[in-house]
Amino acid sequence: MPAREPIGPQAILDKKKRYMIPCTYHFYRDPPQIVRGQGVHLYDSSGKRYLDLYSGVSVHALGHCHPELVEAICEQVRTLQHATTIYLTEPIVNLAEQLAAVLPGRVCRTFFCCSGSEANEGAALLATLHTGRNEFLAFQNGLHGRTKLGMSLTGLSFWRTDPHPVGGITLVSPPHCVRCPWGQTQGQCRFECVDAVERAILTGTSGKPAAMFVEPVQGNGGIMVPPSEYFPRLRELLNRYGTLLIADEVQTGFGRTGRMFAMERWNVAPDIVTGGKALGGGTPVGFFSTTDEIAACYTRPGASTFGGNPVTARAGLKFLEILQRDGLAARSEYVGGQLKDRLMRLAQKTDIISDVRGLGLMIGTEIAGRDSRFAAECTDQILERMKDAGYLLGKTGPGRNVLTWMPPLIVEPDELMEAVDTLETVLKTL
Ligand SMILES: Cc1ncc(COP(=O)(O)O)c(C=O)c1O
């Protein structure tokens, strides 16, 4: 139990209203105060237990407070918490070494920072340094961060607050095989979605963009999975224009989609990989990684005060050790497959679910409605009732109508089946 009495949800809401910048957004009409996490469960101030089906937005791959992770972090906190990279410390280089062993293709050199947004900022700088170019492409419905540039690369109006986004960024339509913007059917099309990227290069840029940012599976965009030929074709197109491919694996990385990195699924080697979230085991982390050739252009001094600090680096090392030792990427593929099957069977029984999609333990259940506002309201009601029943789901999609399942990778199939049974009951109450 927490060391002191929790102040309770209402007092938190009051302080939030009084002292925080109002943009800090939260879920639920009647939100609980979360005070403790253990394994796949979270507990609120009244002692109520919830199955965590969102993992703090794809962070807690090992579950909450994994004992070995806690031990490694505590031991490091007692020994050396912080020094910065102006002094030599060991955990940061060991983590870079371990990452090199698991990163896709020839990506093997890393710079550490503290968040996914910062990682994407760094990747953009690196791409500019290497190519001498300054224009970028990104997907509509993609999300790459909260900072000025990260937000400008983001193609979701919900998260695009800035009225004056950074110039030189062209947003292109991602593939969407369920509702193809070009009216095509999967398996019978000519990949008009890849042609659209070429058109964007030729008409929206100077013809020489530095890089294209992609999420291998769009997370906040509503768990959108591309067809398997998409990324190999895109890679080939970008090569023709000397444009780098930046894979934002902040959300998809580290077993979430059933592979260590989602891009592995299509055998596509990105030039730069950005990451964060799960690697820190709950401590703040971000990184961008690249090949020897591209890294060679970034020689002027770079520093991040907290990037790769000993505590986060030790957490990252222990996290990677456990993830691989326990085969959690393969587990994500297997357990996620069971969850998806069960959700698809549920979708056949109801008109409320219009699509089920995803890879591994990154699954979206799209909620239908007579219009988009109705679907979003319906999704909120489901989320609230699932929370009341003890299940914390996520919510994504441009219409905010995709129930999002990203539980810790250690979740048991039975726990997920019970969650879907509960969802089935909740859908009947709508
Ligand atoms: C794909 C992706 N990129 C970048 C970010 C930004 O990461 P952070 O919130 O750590 O800055 C997120 C956050 O959800 C994300 O999902």
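Being a predicted model, the structure only gives us computed values, none of them experimental.

Reading across the sheet, the four strands line up as β1-β2-β3-β13 and stay open at both edges, with mixed pairing between neighbours. Looking at strand neighbours, the two that pair on one side only are β1 (34-38) and β13 (391-392), the edges of this open sheet. Direction of pairing for β1 relative to strand β2 (residues 41-44): antiparallel, over a ladder of four bridges. Each bridged residue has a counterpart across the sheet, and for R36 the counterpart in β2 is Y43.

Our next topic: the site of the ligand. Taken together, 16 residues sit near the ligand, with S115, G116, S117, V250 and Q251 positioned nearest. Ranked by the residues each element gives to the shell around the ligand, the list is headed by helix α5 (residues 116-131), at three residues. Residues that form the shell around the ligand fall into these classes: three nonpolar, 10 polar and three charged.

Axis separation between helix α4 (residues 90-102) and helix α10 (residues 310-325) bottoms out at 8 Å; the angle between their running directions is 35°. Here the hand of the crossing between α4 and α10 comes out left-handed. In contact with P91, I92, N94, L95, Q98 and V102 of α4, α10 contributes P310, A313, R314, G316, L317 and L320.

Annotation of the chain at the domain level lists domain 1 (9-65 + 328-428) and domain 2 (69-325). Each of domain 1 and domain 2 has a C-alpha centre, and these two points are 25 Å apart. Contacts between domain 1 and domain 2 engage 29 residues on the former and 30 residues on the latter. Listing elements by their share of the side of domain 1 that touches domain 2, those giving two or more residues are α11 (328-349), β11 (353-359), β12 (362-367) and β15 (402-405). Here the side of domain 1 that touches domain 2 takes five residues from α11, the largest share from any one element. A per-class count over the side of domain 1 that touches domain 2 returns 14 nonpolar, 10 polar and five charged.

Looking now at the sheet that holds strand β14 (residues 394-396). Strands sit in the order β11-β12-β15-β14 across an open sheet of four strands; the sheet is antiparallel. Taken across any chain shown, the strands that pair with only one partner, and hence form the sheet edges, are β11 and β14. Each strand of the sheet is rotated relative to its neighbour by a mean of 25°, with strand direction disregarded. Against the sheet, α11 makes contact with β11, β12 and β15, and its axis sits at roughly 170° relative to β11, the strand it touches most.

For the rest of this paragraph, the subject is the packing of helix α3 (residues 67-79) against α10. The interhelical angle for the contact between α3 and α10, taken along N-to-C directions, is 155°, at an axis separation of 9 Å. On the basis of the axis angle, α3 is roughly antiparallel to α10. In this structure, the crossing between α3 and α10 has a hand that is right-handed. Each of E68, L69, A72, I73, Q76 and V77 in α3 lies in contact with α10, whose residues at this interface are P310, V311, R314, A315, K318, F319 and I322. Looking at the contact of α3 with α10, its residues break down into nine nonpolar, one polar and three charged.

Of all hydrophobic cores here, the largest spans 105 residues; its most connected members are A127, F136, A138, M212, I246, I272 and L393. The leading source of residues in this core is α10, at seven residues. When we break this core down by domain, the ones giving at least three residues each are domain 1 (9-65 + 328-428) and domain 2 (69-325). With near-sequence residues (within four places) excluded, A127 lies in contact with A210, A211, L244, I246 and I272.

Covered by surrounding structure in strand β7 (residues 211-214) are A211 and F213 together with M212 and V214, the residues of both alternating faces. In the sheet, strand β5 (residues 136-139) pairs with β7 via three bridges, with the strands oriented parallel. When the sheet's bridge partners are listed, F136 is paired in β7 with A211. Relative to strand β8 (residues 244-248), β7 runs parallel, the two being bridged by four bridges. If you follow A211 over to β8, its bridge partner there is L244.

The rules behind each value
- Residues numbered from 1 in each chain as written.
- Predicted model: local features only at pLDDT ≥ 70, side-chain atom pairs only at ≥ 80, totals over all residues.
- Pairing = 2+ DSSP bridges.
- Helix = DSSP H or I, 4+ residues; strand = E, 2+ residues; numbered from the N terminus.
- Near = placed C-beta within 6 Å.
- Nonpolar A, V, L, I, M, F, W, Y, C, P; charged D, E, K, R; others polar.
- Axes fitted to C-alpha atoms, helices over the stretch in contact; angles between N-to-C directions.
- Left-handed = near helix turned anticlockwise from the far one by under 90°.
- Contact = placed C-beta atoms within 7 Å.
- Domains from an automatic or database assignment.
- Parallel < 35°, antiparallel > 145°, perpendicular 65-115°, else oblique.
- Core = buried A, V, L, I, M, F, W, Y, C linked by C-beta atoms within 7 Å.
- Buried ≥ 20, exposed ≤ 12 C-beta atoms within 10 Å, placed from the backbone.

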